[in-house]
Amino acid sequence: KEQLAAVEKEIFKINQEVQWLLDKQKTLKEKRNQLKLQLEQEASAELANIDWKHTDHPWSRKLELTMHDVFKLKTFRPLQLEAVNATLSGQDCILIMPTGGGKSLCYQLPALVSPGITLIVTPLVSLMEDQLMALRALKVSAAALNAGCSKEEVNKVQNAMKDKNSDLCLLYVTPEKLAKSKRFMSLLEKVYEMGRFTRLAIDEVHCCSQWGHDFRPDYKFLGIMKRQFPKVPILGLTATATAKVVSDVQKMLNIGGCLVLKASYNRPNLKYEVHAKASSQEKSIDQLENIITKRFFNQSGIIYCFSIKEAEEVASALSERGVKALSYHAQLDPKSRSYIHQSWASNETRVVVATVAFGMGIDKANVRFVIHHSLPKSLENYYQESGRAGRDDTPAYCILLFRAADVFRQSTMVFTERTGLENLYAMVAYCLEVEGCRRTTIAHHFGEEWDKSHCQHMCDNCEMDRAGARLELTHDCKMLYTIINHASEMKERLTANKLIDIWQRKGPSKLRPPHLKPTNHQRDNCELVLVFLLVEGYLKEEFHFNPFTTISYINKGPKAGICNNSDHSVYFCLPTRKRKACDFFDEVVHKAQKNETHSPSSCRDLKNEESSSKMSKLRQLKDNPDIFSDKNISKSSHVSKRKKKNTTNQKELKTGQTHQVNDASEKDKILKNSLGNSSSPDSSTLTERVSLVSHTSDRKVLKNTV
Ligand SMILES: Nc1ncnc2c1ncn2[C@@H]1O[C@H](COP(=O)(O)OP(=O)(O)OP(=O)(O)O)[C@@H](O)[C@H]1O
C-alpha cells in the first residue's frame, strides 16, 4: 500500500510536470506563431516601402503603349501601376482596392505585356463572361473554361495553352475547375514546364479565408498552387479584407510576407445614409417610391432585398406605382438575367430590385443610388454592394433602410458561418450609430485610420448636427434578465418578439414575472434597445431548429454578470433631433443630372464648391426627422415640404429667432418622439440628458450659422 501510494504520488507529480510542460509548449507555440506573423508583416511592410511606381523597367514602354492602344486608357488609377510592376517583377501580391477601382486591369495589362498565359480564378461564370465580352471587344485573345463549355471549346483552349505560337494570354477558370479536374491540373503542369504559365490571378481572394464574409471551400484548394508552381507569381485581388483576413489568405495561399497593396476604402463620391424602415412592407415600399421618385427622378439604381420573394414583391409593387423596376435573382434563367442586365445597362429599366446574386462584375458607371431595403449580412457585403453606385466618380447615394426586426431574419441565416454573427453585429452597430461618422465606422472595420473631418458631410451623421440622447439602459437590461429568468424557470424560451411582448406586459400572463412594471418604450424603441443589447453582449441569441425553420431565442449574454455590479451602467445613444447643416450634395446631384454648368466632374470639385458655398448653405438650417421615427420618414424626402420648412427657418434667422431646442417642453416632445410617452422616473433624468446634449449641439449650429 505504501509503495502504491508512493507510485501514485510520483505519477501525480509527473502529471503536474507534464501539464506544466504542455502549458509551456502551448505558450511557446502561440509565441512562435506571433513571431512568424510579425516577421511576415515586417516583410510585407518592407516590400511595401519599395517604390513600385518606377517607369524604367524593361517592360515599362510596352506597358504604356498597350494601355493606350489596347485598353484606350490614359493614366493609371491609384495602385494600378504598383500592382502591375510588382506582378511583372515576379512578386506575389495581394491587392485590396475598392469596388470599381480597376482591379481587372492589374492582371489584364501584364498578361498582354509578358509572354505565356495568365490564369485567372473567378468565383462566378457570369463574371467570366462579362470580362470575356469586354476583352473581345478590345480584340484581346482570352478564353474561359467552365462547366458550360462544349468538348470542342475545351479541346481548342487546351491546345492553345500548349501552343507556343498561340496568342491566348488570359484564361479564366472557376476554383471548382482547379479543385476537381485532375486533367486540367496535369495540363497546367505541362504548360508550367514549357514556361508558359506566367501568372496566377485570384479574383475575390477573400473567399479563401474562413474569417471572411464569403468563404468558398473550393478556394482552399488554391493553397497547393504555390507548391506546385513555385515560380508563378500570385496576384490576389479583393475589394474587402480585414487585416485578419489578409493574414489568413497569405497563410492559405502559402505566400506569407508577400506584398500587400491596399488602397483607401474611402469612396469620396458616395454619400452614406441610414433611414428607419417603415413597419410594414407596404409602407416601406411607399418609402422606396418616395425616395426614388423625389430624390432620384429618372436615375439609375439598385435596390437590394433579403430574399427572392421580397425582391419580386418590391419590384412588382414599384412597377404598379409607375417606377420602371425589374427583379433579379439566382432563380432566373440566363436569358431573363441577360435581358434585365441589358435593359438596365441601356437605362430602359431604371431600377433593378435584386438579391445579392446581382452585382459581381456589374460595370455600369452611372448608378446614382443603391438602396438596401433589408439589412446586409456584414459590413463587407454592404461595402461591396453599395460600392456599385457612383463608379463614374460623380456623386451617388448609398441608403440603408434599417429595422431591428430584420436582424433576426439575417441572424438565423448566418449563425452557422464561423464569423457570421460577429459580422452581422458589426453591420448592426453601423446602423445604430447616431452620432459618429459612418465612414469612420467602415474604415475602422477594415483597419484603416480615418480622420472624420475627411468625410466632408458625405454621411448623414456628419451632415446633420445631430445630438444623440444618452439613454441609461441598466434598469431595462435587468428587467429583461428578470423576464428571461422567469421564463427559464417555466421551461420556456423567448424569441425577441415574445420578450418584448412581456416587457410591455402583453402576451401570456403566466410568462410575466409578478411585480414587473411594463416598459414605457414604444415597440420600435424596445426592438432597438434589444438589438443594441445583443450587439453589446448583454444579451445573446441562441438558435434552435424546428421542422420548418430556425428560430432565434434571446438569452442573457456574456456581459450579464457585470451588469449586476452596482457601479456598472449601460448607455445607449438614441437619435434625437438632427439638423441638416448643408444640403449641397442634393443640389449638386440634381444639377449634374440636368447637365448644368455647375455640375462637378469629380468629388474634388464638389469639395471646393462645397467650402465656398458653405456659409450660404449653412443658413439653410432645417429640421430633419429622427432616423428611427417612422412617422417622419415620408417627410424626409418630401422636397416641397422641406423647402417650405427652409423658408420658415430662414425667416426665423432673419428675425433673430433661431430654431434652438433650448426649451424644456420642446425637448420633452423630442424625448417622447424617441421613447414613447414616458412618465417613469427614469425619463426625467433622460430629459435632462437630452437637454444637455441638444443644447450644446444647437449652440454649435448657431455659432456656425452666425
Ligand atoms: N486607369 C483607368 N482609367 C480609367 N478607367 C479605368 C481605369 N482602370 C479601370 N478603369 C475602368 O473602371 C471600371 C471598373 O474596373 P474593374 O471592373 O476592373 O473594377 P474592379 O475593381 O474589378 O471592380 P469590382 O470589384 O466591382 O469587380 C471599368 O469600366 C474599367 O474600364
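Up top is the structure.
Residues numbered from 1 in each chain as written. Predicted model: local features only at pLDDT ≥ 70, side-chain atom pairs only at ≥ 80, totals over all residues.

Visitor: Before we go on, may I ask you to explain the site of the ligand in this structure?
Guide: Around the ligand, the structure places 17 residues, and the nearest of them are Thr 99, Gly 101, Gly 102, Lys 103 and Ser 104. Broken down by class, the residue content of the shell around the ligand amounts to five nonpolar, eight polar and four charged. (Near = placed C-beta within 6 Å. Nonpolar A, V, L, I, M, F, W, Y, C, P; charged D, E, K, R; others polar.)

Visitor: Explain the pairing of strand β5 (residues 197-203) to me, please; I cannot follow it from the model alone.
Guide: Put simply, side chains in a regular strand alternate between the two faces of the sheet. Burial runs high along β5: seven of the seven residues are buried. Bridge analysis of strand β2 (residues 117-121) against β5 gives five bridges, and the strand direction is parallel. Note on β5: the bridge partner recorded for Ile 117 is Phe 197. Pairing geometry for β5 and strand β6 (residues 234-238), over four bridges, is parallel. Looking across to β6, one finds that Ile 202 is bridged to Gly 236. (Buried ≥ 20, exposed ≤ 12 C-beta atoms within 10 Å, placed from the backbone. Helix = DSSP H or I, 4+ residues; strand = E, 2+ residues; numbered from the N terminus. Pairing = 2+ DSSP bridges.)

Visitor: Quick question: what am I supposed to make of the pairing of strand β11 (residues 351-354) here?
Guide: Residues Val 351 and Val 353 of β11 are buried on one face, and the alternating residues Val 352 and Ala 354, pointing to the opposite face, are buried as well. Both strand β9 (residues 300-304) and β11 contribute to a ladder of four bridges, which runs parallel. By the bridge assignment, Gly 301 is partnered in β11 with Val 351. Taken together, strand β10 (residues 325-328), helix α13 (residues 334-345) and β11 constitute a β-α-β crossover, and its handedness is right-handed. (Right-handed = clockwise from strand over helix to strand, strands pointing away.)

Visitor: What's the story with the sheet that holds strand β8 (residues 270-276) in this structure? I'm lost.
Guide: One key point about sheets: their strands pair by backbone hydrogen bonds, in either a parallel or an antiparallel sense. Taking strand neighbours across the sheet as the criterion, the six strands line up as β8-β13-β12-β9-β11-β10 in an open arrangement whose pairing is parallel. Of all strands in the sheet, those bounded by a partner on one side alone are β8 and β10. Here the strands of the sheet are splayed against their neighbours by 20° on average, with no regard to which way each runs. The sheet contacts of helix α14 (residues 379-386) involve β8, β9, β12 (367-372) and β13 (396-402), and relative to β12 the element is tilted by about 150°. (Axes fitted to C-alpha atoms, helices over the stretch in contact; angles between N-to-C directions. Contact = placed C-beta atoms within 7 Å.)

Visitor: Hey, could you run me through the packing of α14 against helix α16 (residues 420-432) in this one?
Guide: Think of two packed helices as two axes; the pair is described by the angle between the axes and how far apart they sit. At their nearest, the axes of α14 and α16 sit 8 Å apart, and the two run at 60° to each other. Considering the angle they form, α14 stands oblique to α16. Each of Leu 379, Glu 380 and Tyr 382 in α14 lies in contact with α16, whose residues at this interface are Asn 423, Ala 426, Met 427 and Tyr 430. Among the residues making up the contact of α14 with α16, the classes are represented as five nonpolar, one polar and one charged. (Parallel < 35°, antiparallel > 145°, perpendicular 65-115°, else oblique.)

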